[in-house]
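# Coordinate analysis (summary)
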Amino acid sequence: MDGLSQLRAPRVHLADFTPAVLRFEDGQRASGQLQVLSVNGGLLSLPSPIDQGSQVKLMFLTHTGAVLGAAEMLSPVTSTQQPFRFVSLPLDDRQRLGAAIQSSLNENIANQHAVEQKWMEKLRAASSNQNQPRRRLFKFGVGAVAFGILCLGCAFYLLQLHALK
C-alpha cells in the first residue's frame, strides 16, 4: 500500500441532531441519529443494534441537501452505537456529502480559531493586569522614599533651627 491509500477520509463529529432513516431489503424501516460521518461511512446511534452485515438504504439530510446511499452495517460498538460503511453512493450524493463534511470541517476550524483568539485575548489581558500592580507598587515605593527624604530634610532643618537658638 502506498501512503495515499492509507489516509483516512476526513470525518466530522456531528453536534447537531441529524436524524437518519434506514430501509431494509424487506421494506422495514428503522431510525437513528448520525453521530460521526465521512464519505466512506459513519457511526449511528440506534435504539438497538442491527445485525452485522445487514444491507440497508441510508437516508439523511445535510445542510447541502439529502443523501441516499446503500450501506452495510458493521459490528456494533455499544448497545446503541453502530458503525456503517457506504457500499454504494451515487455521485451527486457523494458530492453533497463531501461538501457538507468540508463545510463542517471549515466551521470547526473557524470555531477553534475563535476559541484560541479568545484565550489569547484573556492571556494578554491577564498579562497586562499582572504588570499594573507592579507599577503601582513601584510608584508607591518611589513616593514613600521621596516622602521619607522630605521628612528627614524637615527634621534636619528643624534640628538646625533649634541648635541656632
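This one's a predicted model, so the numbers in the text were calculated from it and none came from an experiment.

## Quick word on the overall build of the protein
Looking only at helices and strands, one finds 1 helix and 7 strands in the protein. Counting from the amino terminus, helix and strand elements in the protein follow one another as β-β-β-β-β-β-β-α. Here the protein holds 165 residues, and the buried ones make up 24% of them. In the protein, the share of contacts with a sequence separation of at least 24, taken over all contacts with a separation of at least 6, comes to 53%. Of the roughly 11,900 Å² that the protein leaves accessible, carbon and sulfur atoms contribute 60%.

## Digging into the pairing of strand β4 (residues 41-45)
Judged by how many residues are buried, β4 sits mostly within the fold: 4 of 5 residues are covered. By the bridge criterion, 4 bridges tie strand β3 (residues 29-37) to β4 in an arrangement that is antiparallel. Paired with Gln33 across the bridge in β4 is Ser45. Connecting β3 to the antiparallel partner β4 that follows it, the hairpin turn spans 3 residues. Direction of pairing for β4 relative to strand β7 (residues 81-88): antiparallel, over a ladder of 5 bridges. Note on β7: the bridge partner recorded for Leu43 is Pro83.

## Observations concerning the pattern of salt bridges
For the coordinates displayed, the defined rule picks out 2 salt bridges. Measuring nitrogen to oxygen at the nearest pair gives 2.7 Å for the salt bridge that ties Glu72 to Arg85. With Glu72 in strand β6 (residues 65-73) and Arg85 in strand β7, the pair connects residues that are 13 residues apart, well separated along the chain. Here Arg96 makes a salt bridge to Asp93, at a shortest N to O gap of 2.9 Å. Here Arg96 and its partner Asp93 are both found in helix α1 (residues 91-164), 3 residues apart, which amounts to about one turn of the helix.

## Some remarks on the packing of aromatic side chains
Per the counting criterion, the structure on display carries 1 aromatic pair. Look at Phe84 and Phe86: their rings are 5.3 Å apart centre to centre, the planes differ by 85 degrees, and that puts the pair in the edge-to-face class. For Phe84, a relative accessible area of 3% translates into the label buried.

About the criteria used
Residues numbered from 1 in each chain as written. Predicted model: local features only at pLDDT ≥ 70, side-chain atom pairs only at ≥ 80, totals over all residues. Heavy atoms only, no water. Helix = DSSP H or I, 4+ residues; strand = E, 2+ residues; numbered from the N terminus. Buried < 20%, exposed > 50% of the residue type's maximum accessible area, 1.4 Å probe, protein only. Contact = heavy atoms within 4.5 Å. Areas by Shrake-Rupley, 256 points an atom, 1.4 Å probe, with all protein chains shown as cover. Pairing = 2+ DSSP bridges. Salt bridge = Lys/Arg side-chain N within 4 Å of Asp/Glu carboxyl O. Phe/Tyr/Trp six-rings, centres within 6.5 Å; stacked < 30°, edge-to-face > 60°.

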